[in-house]
Amino acid sequence: MRTFIFIALLILAPMLASLYGFIHDQITFSISEEFFTKFRFKDYDMPHTWHPRAKAGMIGILNAWKTGIPFGIILTVVGRIHHNDKKLMFYTFYTYLLTFFCSFAFSMAAVYMPVAGEMEAIHKTLPTNILDPIAFQRVERINNFGYIGGIIGMLMGIGLHILLYKIDIKKQSGGTSSK
């Protein structure tokens, strides 16, 4: 049973990451369509008949599922410290949610970061014909901060596994402490 739970969690991680990527790119598409239409769409061969939002969602899925693999492997392997199968499953799922929440929180923090002071540098690195360079740069920053938040969330997930393990050990030993 433990092996089945382990494999199921490893499959679940990229699936959750894909869902996150779809939602994330729908939000960023709302902020800057140009980021996708003048930059991202060029890197992907998608049917021209698709609606731009569908393309953006698919790009989110294609980019995010890959990040779910290492996050899932790390968090699930660390989760094996829990001796109870049910705890392995639920605690690891909680760490997945924590990772995605941190990624989302960092992404949303990037929405409110000022970019106007960097306009000279922005114009030098942007693709041509960008009508709203601030929104374009904001979406780039949202993407970068999302990855940073995901890494921090994964590290917090590792810490959560360890904390929950220590709490469970303390409960098993009767809650006594030598201090």
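Residues numbered from 1 in each chain as written. Predicted model: local features only at pLDDT ≥ 70, side-chain atom pairs only at ≥ 80, totals over all residues. Heavy atoms only, no water.

What follows covers the pattern of salt bridges. As enumerated under the stated definition, the model contains three salt bridges in all. Across the salt bridge formed by Asp168 and Lys87, the nearest N and O atoms sit 3.3 Å from each other. Of this pair, Asp168 sits in helix H6 (residues 133-172) while Lys87 is found in helix H4 (residues 85-111), placing the two residues 81 residues apart along the sequence. Classification of Asp168 as buried rests on a relative accessible area of 8%. Residue Lys87 is classed as partly exposed on the basis of its relative accessible area of 27%. (Salt bridge = Lys/Arg side-chain N within 4 Å of Asp/Glu carboxyl O. Helix = DSSP H or I, 4+ residues; strand = E, 2+ residues; numbered from the N terminus. Buried < 20%, exposed > 50% of the residue type's maximum accessible area, 1.4 Å probe, protein only.)

Interaxial distance between helix H1 (residues 2-31) and H6 falls to 9 Å at its minimum, and their mutual angle equals 160°. Taken together, the axes of H1 and H6 are roughly antiparallel relative to one another. Our pair here, H1 against H6, has a crossing hand that is right-handed. Mapping the contact onto sequence places His24, Asp25, Thr28 and Ile31 in H1 and Ala135, Val139, Ile142 and Asn143 in H6. Looking at side-chain class alone, the contact of H1 with H6 contains four nonpolar, three polar and one charged residues. (Axes fitted to C-alpha atoms, helices over the stretch in contact; angles between N-to-C directions. Parallel < 35°, antiparallel > 145°, perpendicular 65-115°, else oblique. Left-handed = near helix turned anticlockwise from the far one by under 90°. Contact = heavy atoms within 4.5 Å. Nonpolar A, V, L, I, M, F, W, Y, C, P; charged D, E, K, R; others polar.)

Glancing now at the packing of aromatic side chains. Taken as a whole, this structure holds eight aromatic pairs when the rule is applied. An angle of 85° between the planes, with centres 5.4 Å apart, marks the rings of Phe35 and Phe36 as edge-to-face. The burial state of Phe35 is the same as that of Phe36; both residues are buried. Ring centres of Phe39 and Phe136 lie 5.8 Å apart, and the angle between their planes is 70°; this geometry places the pair in the edge-to-face category. (Phe/Tyr/Trp six-rings, centres within 6.5 Å; stacked < 30°, edge-to-face > 60°.)

Looking now at the nonpolar core. Judged by nonpolar contacts, the single largest core of 13 residues is most densely connected at Leu9, Tyr96 and Phe100. When contributions to this core are tallied by element, the ones reaching two or more residues are H1, helix H3 (52-79) and H4. Once residues within four sequence positions are removed from consideration, Leu9 is found in contact with Thr76, Leu88, Met89, Thr92 and Tyr96. (Core = buried A, V, L, I, M, F, W, Y, C linked by side-chain atoms within 4.5 Å.)

Below, the discussion takes up the environment of Glu140. Assignment of secondary structure puts Glu140 in helix H6. For Glu140, a relative accessible area of 23% corresponds to the partly exposed category. For the pair Glu140 and Phe36, spaced 104 residues apart in the sequence, the C-alpha separation amounts to 11 Å.

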